[in-house]
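What the coordinates show
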Amino acid sequence: MKFEDLLLEIGGFGRFQILILFILCLPRINLPMHFLLHNFLAATPSHHCAIPHQQAFVNLTTEEVLLISIPREPDGTFRSCEMFSQPQFHLLLNSSLQPENKSIIQQCQHGWVYDHSQFTSTISTQWDLVCEQRGLNQATATFFFIGVTMGAVVFGYLSDRFGRKAMLLLSLVCSVVFGMLSAASISYSMLAITRTLTGVALSGVSLIVLPLGMEWVDIQHRTFSGILTSIFWSIGNMLLAMVAYLVREWHWLLVAVTGPCLLSIVSLWWVPESARWLIANGKVKQAHKLLLRCARMNGRKDFSVSLEALRRMATDKRPGDSYSYISLFRTPVLRKISVCSGAVWFGVAFSYYGMSMNLTGFGLNMYFSQFVFGIIEIPAKMIAYVLVNRVGRRQSQAWALILTGLCIGANIIIPKSFTSLRSVVAIMGKGFSEAAFTTIFLYTSELYPTVLRQNGMGYTSFVARLGGALAPLVFLLDEVWGSLPEVTYCGVAVCCGLVAFLLPETLNVRLPEGIEDIE
């Protein structure tokens, strides 16, 4: 007897499973509020060099003081990172005559003045992470995703070793602690360290929520469950736009997005451990109790199964046997799956975060962009739900990622004056990107056997977070060539989409229990 047969007897998608899925959706809402927080936490408002002895120019307006102190760009705007070494009073007579002598232009010497009309404060304004320090600003997101990368390895192993529920609780508690410490940061170094540790903790939430829910659901409802859970990511996306709109001070913004983790910790009381994991690890008595509880809640009161039957069902594991990340590469079929799925995950995350962190690149208000990017994900998930059941996981995954890259590439060609068209193409690309992300979560959980599922999810999440960590740094390539970041995102998405064609199809296939089922 397989575990799927047991699920059919106890009800593979009844009240018990619906309750679990909705409780697990609470931490899912919280994830994008941290993963995409960099858009608002590190936003850089318009700024210019601070002008020394400005009070000496009492007879001049603010605009005139800037005119004689700050050089202009070709489009007439004041430069953000340079100033004149001496006031250029002749510009008052003819402002169009910009000095040709470059020696009188220098970098900002006395700090910067920021426009506070949109943000009360961000980490950029707090620690002057602009101009030469711009790289440190982008690195904040990279530090967070490095933490997520490390957490994927740690929690992938620990949740296979010690169980899904215990590690989910640990990751939520750590998320609250490090999230609040981030909000209390008194230096950039403290913020970088605490955001990295927050990333480690939240990685456990990201990694465990989907498999824990999926392992209680039958084959027929597996796709629906995956899509339902992922819709709450999009809700979190939209909530982030609203919270960031209401809270314009970065310390309190961090508190606002971390607080909901407390509700998730309380609600976790009603979530059971994965019976599939318990059986695979020989804990048949605990699994037996949970199966009976599930049957009662689903109205299958005549259900019964012996402990001996559960023991026979347990995956063949000799005493002392253990599985690790190395096991993902020991056998030929599993090795191919691991290499290809890793490449696809990298492409999905790299292009998704590349688009998600470019809110101001399409001519829309950044809060509106964040909200629209969140709301477009819901129909994208619905379409993904239909496609993965009609055309299969492999085709859906490959084409969603390829089309994401093509949309990014199209916006390189479309002139910036065509704001509306660029916005439409960007929103379409975001939809394809989300469809690719939704599909890969579901697809990966079906590719790996139960004894290695969390290790597999941990490994692929590790590779994905490398993509997420590199994505914000790619924006710095615009100093080499303005379109180089978009060309990079486009190329990686298309190439990784092509790799998806090498993966096996898992539509309507039983979840594998052991490595022998894969081979």
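None of the values given here were measured: they were computed from a predicted structure.

Looking only at helices and strands, the protein chain has 22 helices and four strands in total. Relative to its length of 519 residues, the protein chain is compact, with a C-alpha radius of gyration of 26 Å against a globular reference of 24 Å. Along the three orthogonal principal directions, the C-alpha set of the protein chain runs to about 95 × 45 × 40 Å. Relative to its 519 residues, the protein chain shows a buried fraction of 56%. When the accessible surface of the protein chain is totalled, it reaches about 21600 Å², and 65% of it is carbon and sulfur. When the 38 positive and 32 negative side-chain charges of the protein chain are each reduced to one mean point, those points stand 10 Å apart.

In this section: the domain arrangement of the protein chain. Segmenting the protein chain into domains produces domain 1 (1-40 + 131-317), domain 2 (47-114) and domain 3 (321-518). The distance between the C-alpha centroids of domain 2 and domain 3 comes to 45 Å.

Here the focus is the packing of helix α8 (residues 188-214) against helix α19 (residues 419-447). Contact geometry for α8 and α19: axes closest at 11 Å, N-to-C directions at 65°. Crossing handedness for the pair α8 and α19: right-handed. Where α8 abuts α19, its residues S206, L210 and M214 lie against F441, L442 and S445. Of the residues contributing to the contact of α8 with α19, the split by class is four nonpolar, two polar and no charged.

With that out of the way, let us pick up the state of the cysteines. Under the defined criterion, the tally for this structure stands at two disulfides. Each sulfur in the disulfide pair C49 and C108 lies 1.8 Å from the other. Looking along the S-S bond of the C49-C108 disulfide, the torsion reads about -65°, which is the left-handed sense. Residue C49 is located in strand β1 (residues 47-49), and its partner C108 is located in the loop between β3 (105-107) and β4 (112-114); the two are separated by 59 residues in the primary sequence. You can call C49 buried: its relative accessible area is 0%. Across the disulfide, C81 is cross-linked to C131 (sulfur-sulfur distance 1.9 Å). Judged by the sign of its S-S torsion, about -95°, the cystine formed by C81 and C131 is left-handed. One end of the pair, C81, is in the loop between α4 (62-69) and β2 (82-84); the other, C131, is in the loop between α5 (123-127) and α6 (134-162), with 50 residues separating them in the sequence.

This next bit is on α19. Along an α-helix, a turn takes 3.6 residues, which lines up residues three or four apart on a common side. Spanning 29 residues, α19 covers 41 Å between terminal C-alpha atoms, matching the ideal 42 Å at 1.5 Å per step. Across the 29 residues that make up α19, a large majority, 23, are buried.

With that out of the way, let us pick up the side chain of S423. With respect to the helices and strands, S423 occurs in helix α19. A relative accessible area of 7% places S423 in the buried class. Engagement of the side chain of S423 in a polar contact is seen with the backbone oxygen of T419, the distance being 2.9 Å.

Let us look at unusual backbone geometry. In this structure, D128 is a non-glycine residue whose phi angle is positive, near 50°. Position of D128 among the secondary structure elements: in the loop between α5 and α6. On the basis of relative accessibility, which here comes to 26%, the residue D128 falls in the partly exposed class. With phi around 55°, C131 is a residue other than glycine that occupies positive phi space.

Once that is clear, we can look at a nonpolar patch on the surface. Taken together, the side chains of L19, V266, W269 and W270 define a hydrophobic patch exposed on the protein surface, amounting to about 490 Å² of accessible area. Assignment of secondary structure puts V266 in helix α11 (residues 261-267). Note on V266: relative accessible area 52%, which makes it exposed.

Cut-offs used in this document
- Residues numbered from 1 in each chain as written.
- Predicted model: local features only at pLDDT ≥ 70, side-chain atom pairs only at ≥ 80, totals over all residues.
- Heavy atoms only, no water.
- Helix = DSSP H or I, 4+ residues; strand = E, 2+ residues; numbered from the N terminus.
- Rg over C-alpha atoms; globule rule 2.2 N^0.38 Å.
- Buried < 20%, exposed > 50% of the residue type's maximum accessible area, 1.4 Å probe, protein only.
- Areas by Shrake-Rupley, 256 points an atom, 1.4 Å probe, with all protein chains shown as cover.
- Lys, Arg positive; Asp, Glu negative; His and termini not counted.
- Charge placed at Lys NZ, Arg CZ, Asp CG, Glu CD.
- Domains from an automatic or database assignment.
- Axes fitted to C-alpha atoms, helices over the stretch in contact; angles between N-to-C directions.
- Left-handed = near helix turned anticlockwise from the far one by under 90°.
- Contact = heavy atoms within 4.5 Å.
- Nonpolar A, V, L, I, M, F, W, Y, C, P; charged D, E, K, R; others polar.
- Disulfide = S-S within 2.5 Å.
- Expected span 1.5 Å × (residues − 1).
- Polar contact = N/O pair within 3.5 Å; in protein donor to acceptor, adjacent residues only side chain to side chain.
- Patch = residues over 30% accessible without salt bridge, like charges linked within 9 Å, V, L, I, M, F, W, Y side chains within 5 Å.
- Salt bridge = Lys/Arg side-chain N within 4 Å of Asp/Glu carboxyl O.

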